[in-house]
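The primary structure of each chain is shown beneath.
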Amino acid sequence: MKAPAVASDEALRIATLRNFLILDTPPEERFDNLTRVAASFFRVPIALISLVDVNRQWFKSACGLDASETARDISFCGHAILQNDVMIVENALLDSRFADNPLVTGEPQIRFYAGAPLQAANGCNVGTLCLIDRQPRSLAPFEVEMLQDMAKLVVAELEKLPAR
């Protein structure tokens, strides 16, 4: 297993995330609606709005997963925030970064992962809108575009929140 690297702009990224004042807040219908739509559209059992903090990824919304956070060092989203494109892992068992990851070898038995970075106005990626399946799969180009569009909707909702 390979733990995600730290972004070169990590201090600014964490400050940006914290300025949204969203970490550890109760569920909100507007975010839950987005993960339900994503899960339904992509026909995946799990869709998450994951915000990557210093030591954890915290789920603002989790459709199909009964958890509120996982450690950053085992997170797929920690890798996804390091790029601006959708990160796709078609089969986690065949990917050396994740094959022995406890989220792959145990519950929720991740095989497929696709994460679109949630990019704030200042360019920092604060988290992802991600899709998870227990079966290997891929996404068609139009599906990648749709996931990116849905991630922009999540960012638009984040930007409506009062900032510090």
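The name given to the protein in an unreviewed UniProt entry is GAF domain-containing protein, with Chitinibacter mangrovi as the source organism.

### Quick look at the packing of aromatic side chains
As enumerated under the stated definition, the model contains three aromatic pairs in all. Pairing Phe76 with Phe98 gives two aromatic rings, centres 3.9 Å apart and planes at 10°, and the pair type is stacked. Of this pair, Phe76 sits in the loop between strand 3 (69–71) and helix 3 (77–80) while Phe98 sits in the loop between strand 4 (87–89) and helix 4 (102–105), and the two are 22 residues apart along the sequence. Looking at Phe98, the relative accessible area reads 0%, which means it is buried. With centroids separated by 5.2 Å and ring planes inclined at 40°, the aromatic side chains of Phe76 and Tyr113 adopt a geometry described as tilted. Of this pair, Phe76 sits in the loop between strand 3 and helix 3 while Tyr113 sits in strand 5 (residues 112–119), placing them 37 residues apart in sequence. Judged by relative accessible area, Phe76 falls into the buried class, the value being 2%. Chaining the aromatic ring pairs together yields one cluster made of Phe76, Phe98 and Tyr113.

### Here's the deal with the state of the cysteines
Across all of its chains, the model carries zero disulfides by this definition. Summary of cysteine pairing: Cys77 is not part of a disulfide, and the nearest cysteine sulfur, belonging to Cys130, is at 3.8 Å. Owing to a relative accessible area of 2%, Cys77 belongs among the buried residues under this scheme. For Cys130, a relative accessible area of 1% puts it in the buried group.

### Topic: the pattern of salt bridges
One pass over the full model with this rule turns up 12 salt bridges. Across the pair Arg72 and Glu10 runs a salt bridge whose closest N-O atoms are separated by 2.6 Å. Of this pair, Arg72 sits in the loop between strand 3 and helix 3 while Glu10 is found in helix 1 (residues 10–19), placing the two residues 62 residues apart along the sequence. Take Glu10: its relative accessible area is 14%, and that puts it in the buried class. Between Asp95 and Arg97 there is a salt bridge, and its shortest N-O distance comes to 2.7 Å.

### Description of the nonpolar core
Of all hydrophobic cores here, the largest spans 33 residues; its most connected members are Leu118, Leu131, Leu147 and Leu158. Sort the elements by how many residues they give to this core and helix 5 (residues 141–159) lands first, with seven residues. Setting aside residues up to four positions removed in sequence, Leu158 forms contacts with Phe20, Ile22, Phe31, Leu118 and Val126. Grouped together as the second largest cluster of nonpolar side chains are 19 residues, Cys77, Phe98, Cys130 and Ile132 included.

Cut-off values and rules
- Residues numbered from 1 in each chain as written.
- Predicted model: local features only at pLDDT ≥ 70, side-chain atom pairs only at ≥ 80, totals over all residues.
- Heavy atoms only, no water.
- Phe/Tyr/Trp six-rings, centres within 6.5 Å; stacked < 30°, edge-to-face > 60°.
- Helix = DSSP H or I, 4+ residues; strand = E, 2+ residues; numbered from the N terminus.
- Buried < 20%, exposed > 50% of the residue type's maximum accessible area, 1.4 Å probe, protein only.
- Disulfide = S-S within 2.5 Å.
- Salt bridge = Lys/Arg side-chain N within 4 Å of Asp/Glu carboxyl O.
- Core = buried A, V, L, I, M, F, W, Y, C linked by side-chain atoms within 4.5 Å.
- Contact = heavy atoms within 4.5 Å.

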